Structure formats: C-alpha cells, structure tokens
Amino acid sequence: MLQQVDRVEGLQRVNDFVVKFANVNGSGSASANALFAKSVLRMGIPATPRNIFPSNIQGLPTWYEVRVSEKGYLGARGGGADLMVQMNPQTWDQDIADIAPGGYLFYDNTKVLPASKFRRDIVVIGVPLTEITNAAYKSTRERQLFKNIVGLGALSMLLDMDPAAIEQLLAEQFKGRDKLIAANVQALHMGRDWVTANLEAPIGLRLKRADAVGDRIFVEGNSAAALGAVYGGATVCAWYPITPSSSLAEAFTRWCQRFRVDKETGTNKFAIVQAEDELASIGMVIGAAWNGARAFTATSGPGISLMQEFIGLAYFAEIPAVIFDVQRAGPSTGMPTRTQQTDILSCAYASHGDTKHVLLFPEDPYECFEFGALAFDLADRLQTPIFVMLELEIGMNDRLCRPFQWDDTRKLDRGKVMTAAELQAGKKFGRYLDVDGDGIPYRTLPGTHPTKGAFFTRGTSKDAMARYSEEGHDYQENMERLLKKHHTARTLVPPAIIRSAPDRAKYGAIYFGTTSPAMAEADEILAEQGITLDLCRVRGFPFGDEVAAFIAAHDHVFVVEQNRDGQLRSLLVNELEIDPKRLGKIVHYDGTPITARFIADAIARRLQPTPVASLREVVS
C-alpha cells in the first residue's frame, strides 16, 4: 500500500498546499474534483481551482489543480504539486516529475508498478481503487463513476477532511434523488474505511477547519459577466460557439430564463440567436442595438478577427455594441484551452483605418459582473463598441470574490437619445453634430418621429447632418470628433487602482486582469527581499490621467502581462507617448496562469541582475 524505496519525510503543511488531479477526459472525474474544491471552501479554507483540459475529443488527458491557501492567495502558485492524484497512465511520467520534493503521490495500485516508475524523494500512497469498485459494483459505468467518489473518500481521510462537508454538497447536488445521495455517500465512506484499515492517516498535508472564506462567493467569470449583462439591461445576444466564451452565452440564456420571462404570460423578453458565424453574430448585435436594444456577443480572439469589418461599421456609424472577448492563446487556433492576454492590441484598434475602442479589464468574477453591466451604459453613452476583456483563466474557472452588489435605484444610462417631443418642438438635430463639445452627438431610435430623426445609418463618410460627403474637411472633422469622444471615454471608464508602498518606492509595476492575484502575492515576496514597489492595476482603456502620473512618478515601471509581445506596454507607449526605456517588459505566455514566483523572480533579476533567463520568460 505504501510503495517507496527509501522512507521519505513528507511535506508537513496545514491549509497551504497544491493538489493536482491527473485524469482522462470523459471519465466523470470533473464532478468529484469540483466536490473536493468546494468541500475545502465549506471548511472555511480559501481554494482556487483550475481546470486544465484539451481542445480535442474525449479520451485525452485532463488536469484539475487546486491551490489551498488559508492566507487567501488566489493565484496559481507554481513550483510543482504537493500532492498528485494520479489516475491517468498516459501522463504518469510527466505527473511524477511535477511533484515537489517531499510531496505525495496518490494513485490506484490495483496494478503493481515497478520501483523504477517512482521517485525516491516523494511519498507514494497506493489505494486499489479499481479493485474496490469492481468488488462493489457490477456495471462498467457505475464502476467508472463511483471510482472517483471512492478515491475522493480515501483522499479526504488522508487529508483529515471533514466528511460532513462533502456529504452536504452531495445532498445539495442530488437534491430530491435520495438513492443517488445514499449511493455516493456510501462510495465516499468505502474509500475512507479502506484508508482507516490499511494506511496511516492523516498524512503531512492536512486540512483544518478555518474561518478565512467569510461571505465571499464562488463563481465562474463567464457566468458572472452574463449576469452582469442581464442587470445591465441586455435583451439580445447573438453568438457563435467558440472556446472559451461559449459558457458566457449559455449562462446568459439561463439567467434570462430566470429573470426575463413574463410571469403572467410566459413570454420571453429576450432574444438569443446562435448565428452561422462570428461575422453574422456581430452584425445582428449592431442591428439590434441600432434599433434600441441592448445587445452583445461573446467570442474569443479568432472571432474578433472575423468581426473586424462590422466593428469598424459600429465605430464609424456610432452604434452601441458590447463584445465580451474571453481571451485564449493564439495566433490562429493557437491553444484554445489555454489562457493568455493576447487580444489587447487587436481589440484596441480593431478594424481598418483609424479606430480606437474602449476596453474594460476585470480582475475577478465580481468585476466581470460589474463591468458586464457597465459596458452597456458605456456603449449607449459613447455610441460605440465596448470590449470586456475576460481571459480563459477567469472565464472558465470558479473563483472566490466578494458578493455581487446592485443598487436597485440605479437607472440605465441611455446616453444622448433625442425624444419625439424634442424633435417636434424643433430642437436642432444632426446625427453627427457635436453640440456639447465632448465628441458625442445625439441620436434617435428608428421610428421615434414620423418625419424627423434618423432612419438609416451610413458606413461611408458624411457631414455632421449625416449627408453623404467625400469632402476632405467633412471627413477630417468627423474623425477628429471621434477622437474627442475617445478622450471623453477616459473620464468614464473605471480608473486604475493605485497601491502605494509604505515608503516612497523608486519602482512601480503596472498589471491588469487575472495577473492581479499573482502580482499581489509577488509584491509580498519582493518586500521580504527588500524590494518595494508601488502598484497600478489598469482597469480600462483609454488610460486615465492617473496612469500617466504613476509612470512619471517612478524611475522605472515594470509592465506585467501574459503575452509574448508586451501588448499593454505597447499601448501605454503609443497612447501616452512614454519613452519605451522607462517601461520594463515582463511577459509570461506558455498558456498557464502567471505565478507570483515568476513575477518576483523576474523583477528581482532585473533589479539585482544574475545571468541567464529561461525561454519561458522575458525581462527587458
């Protein structure tokens, strides 16, 4: 049962370790893995799960990593798994190599393996899961599914988990199906009983009840963004399936079925269309928005590429639209199920010609919800496309965040929409006329007045009264007004959040999105090394004055991001006219989330140079 050549003193940690599950896609392991993560949370211990899965068909390897941290660190830790739950012979060698020295290997030892398959510096724990389930269940499907629960039971005993937390979750998951609840609880205790009878438990890694979760909620970023869209007044979604954004449109469908159906008549007060492709989906969004609906699409990088022409139309014709871009690794098909921050430039300057778009950068599900709603106010106020820049890491994984908040007195900001009464009273209306000096004209919804207002939209050059014109001065005035509107947007997007060190710091770091939890932890690591930083988390583009002031206040600023080319850094240099030498580039782009160790090591090497950087990181 305990299979190792030399006795190893295993890691000794309480509520601070990483568990990694190695499984096969389609084996039913996902549910049991999620049960483990949620059970840790129910014990009052913060946990951050990551689902690592292939973009191809069933049968390929999958991993599920859970970082347990009572201190509340929510970023990926890096440095190897402390406990590997190995259930996939295909990936045995790489999984064994991924275990930290002194770490633990938990595996199904029904089939005996030679000593050469194990490392001497880890603790090996074998439980005959296949043998146990084959003896208890007759059907192949039952054996496969309950094997995961038996394994969870054994693991819970080894880690000293409270079984009541798991049993409660099983009761909630199978509510109303008492037989399934009983069968799963029985399988859970089969695993626990076997460990009690055959192994020494608990091991050096232990889970102890705590009170570190508080009132935080556990939710997926895509689902949070979809709920934000509902609260933001969205009634139309047109989309084409693409990983990792599909679950956002699917979540919007579920939320609409709950909140957008007339209780008396059963009438749907929403329209959700799965279009034939991405170009059609953004076209539908623009058409719906032009008619007055709040509409959006959800996509990823390849979809943004295909939408370029229509995005340019919405920008130039000044039509509201919201685009949720759940970023993945590119270019081309790239790595569809890996995370990156790779669409910053392609969205900021989407379409041909001179265009500049508004981008929002949420850091967690709370801001996915908040920005998901805000995007529709901004789209209407600015009459332009708004991009909400999610990432696979936040979109498709559950995360702890503070509870969502909504002010029921909040009114939807429809921007400058002229009414029929105002038109009838003779108020001057020019569709592209800037009367307030902010670059934003008034619009009318089609049919507002039988003879006055706008009834069609031009994608070609026009004058302020929407009359077709190829006169150079008309075109130039229009383009300058659009730029003025973009400058107005600086005062409307969420401002950057500045966090200053206790003492004056010569150096600063700019970051955004899901880099946030790793950056916060890295800051603590660097402080222990005597390196202090001021931090600036960018939440929107165009950049506010506070971002330029932050850069000006420091001798050197590191820009930390998850792409190869330093896209946010390029945007800062270009838009704020910053000397590139003042901005250090720290980039991570292997498809895994950036870690605190990576950031801290990269900054420390830059400030305290040592030879040779690896190919996986670039610091300049």
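Calculation notes
Residues numbered from 1 in each chain as written. Predicted model: local features only at pLDDT ≥ 70, side-chain atom pairs only at ≥ 80, totals over all residues. Heavy atoms only, no water. Helix = DSSP H or I, 4+ residues; strand = E, 2+ residues; numbered from the N terminus. Rg over C-alpha atoms; globule rule 2.2 N^0.38 Å. Buried < 20%, exposed > 50% of the residue type's maximum accessible area, 1.4 Å probe, protein only. Contact = heavy atoms within 4.5 Å. Lys, Arg positive; Asp, Glu negative; His and termini not counted. Charge placed at Lys NZ, Arg CZ, Asp CG, Glu CD. Disulfide = S-S within 2.5 Å. Phe/Tyr/Trp six-rings, centres within 6.5 Å; stacked < 30°, edge-to-face > 60°. Salt bridge = Lys/Arg side-chain N within 4 Å of Asp/Glu carboxyl O. Pairing = 2+ DSSP bridges. Axes fitted to C-alpha atoms, helices over the stretch in contact; angles between N-to-C directions. Domains from an automatic or database assignment.

What the protein contains, in helices and strands, is 20 helices and 23 strands. Taking 620 residues into account, the globule formula puts the C-alpha radius of gyration at 25 Å, and the protein, at 27 Å, falls close to it. Its C-alpha atoms put the protein at 90 × 65 × 40 Å along the principal axes. Residues classed as buried in the protein amount to 54% of the 620 residues present. Of the contacts formed within the protein by residues at least 6 apart in sequence, a portion of 76% connects residues at least 24 apart. A gap of 2 Å separates the mean positions of the 67 positive and 73 negative side-chain charges of the protein.

Counted by the stated rule, this structure contains 0 disulfides. This cysteine, Cys 536, is not joined by any disulfide, and Cys 368 carries the nearest cysteine sulfur, 19 Å off.

What follows covers the packing of aromatic side chains. Ring pairs (aromatic) are described by centroid distance and by the angle formed between their planes. By the definition in use, this model includes 18 aromatic pairs. On the basis of an interplanar angle of 85° and a centroid distance of 5.3 Å, the ring pair of Phe 296 and Phe 324 is categorised as edge-to-face. Remark: Phe 324 occurs in strand β13 (residues 321–327) and Phe 296 occurs in strand β12 (residues 295–299); sequence separation between them is 28 residues. Of the residues examined, Phe 324 reaches a relative accessible area of 0% and is grouped as buried.

Moving on to the pattern of salt bridges. Using the criterion set out here, one finds 34 salt bridges in the structure. The residue Lys 269 makes a salt bridge to Asp 262 at a minimum N-O spacing of 3.5 Å. Taking the shortest distance from any N to any O, the salt bridge between Lys 416 and Asp 438 comes out at 2.9 Å. Remark: Asp 438 occurs in the loop between α15 (420–424) and α16 (472–489) and Lys 416 occurs in the loop between β16 (398–401) and α15; sequence separation between them is 22 residues. Each of the two residues, Lys 416 as well as Asp 438, counts as buried. Residues participating in the shared-partner salt-bridge network are Arg 294, Asp 377, Asp 380, Arg 410, Arg 414 and Arg 443.

The next subject is unusual backbone geometry. The omega torsion of the bond from Ala 201 to Pro 202 falls at 0°, within 30 degrees of zero and hence cis. Looking at where Pro 202 falls in the secondary structure, it is placed in the loop between α6 (178–198) and β8 (205–206). The peptide bond linking Phe 541 to Pro 542 adopts the cis configuration, its omega dihedral lying at 15°. By the element assignment, Pro 542 lies in the loop between β20 (540–541) and α18 (545–552). Phi is positive for Ser 332, close to 50°, though the residue is something other than glycine. Inspection of the secondary structure puts Ser 332 in the loop between β13 and α12 (344–348).

The strand order β3-β4-β2-β5-β6-β7 describes an open sheet built from 6 strands, whose pairing is mixed. Bordering the open sheet on either side are β3 (47–52) and β7 (123–127), each of which pairs with just one other strand. Within the sheet, the average angular offset between the axes of one strand and its neighbour, ignoring direction, is 15°. Pairing of strand β2 (residues 16–24) with strand β4 (residues 61–69) involves 9 bridges; the strand directions are antiparallel. Bridge assignment links Lys 20 to a residue of β4, and that residue is Glu 65.

Okay, the sheet that holds β12 next. Here we have 7 strands laid out as an open sheet, ordered β11-β10-β12-β13-β15-β14-β20, and mixed in their pairing. Each edge of the open sheet carries a strand with a single partner, namely β11 (271–274) and β20. Of the strand pairs in this sheet, strand β10 (residues 236–239) and β11 are connected by 4 bridges, and their pairing is parallel. Each bridged residue has a counterpart across the sheet, and for Val 236 the counterpart in β11 is Ala 271.

As a further point, take the environment of Asp 474. Here Asp 474 lies in helix α16. Given the relative accessible area of 13%, Asp 474 is considered buried. As a C-alpha pair, Asp 474 and Ile 323 span 151 residues in sequence and 29 Å in three-dimensional space. Once residues lying within four places of it in the same chain are set aside, the contact partners of Asp 474 are Lys 462, Asp 463 and Ser 469.

The next subject is the domain arrangement of the protein. According to the domain assignment, the protein consists of domain 1 (13–206), domain 2 (219–401), domain 3 (416–494) and domain 4 (497–619). One C-alpha centre belongs to domain 1, the other to domain 3, and the line joining them spans 60 Å.

We now examine the side chain of Ser 516. Mapped onto the elements of the fold, Ser 516 is located in helix α17 (residues 516–528). For Ser 516, the contacting residues outside a window of four places in its chain are Glu 363, Tyr 511 and Arg 537.

The next thing to look at is the pairing of β4. The element β4 is largely enclosed, with a buried count of 9 among its 9 residues. Alternating positions in β4 separate into two faces, Pro 61, Trp 63, Glu 65, Arg 67 and Ser 69 on one and Thr 62, Tyr 64, Val 66 and Val 68 on the other, with burial throughout. Pairing between β3 and β4: 6 bridges, direction antiparallel. Within β4, the position partnered with Ala 47 by the bridge is Val 68.

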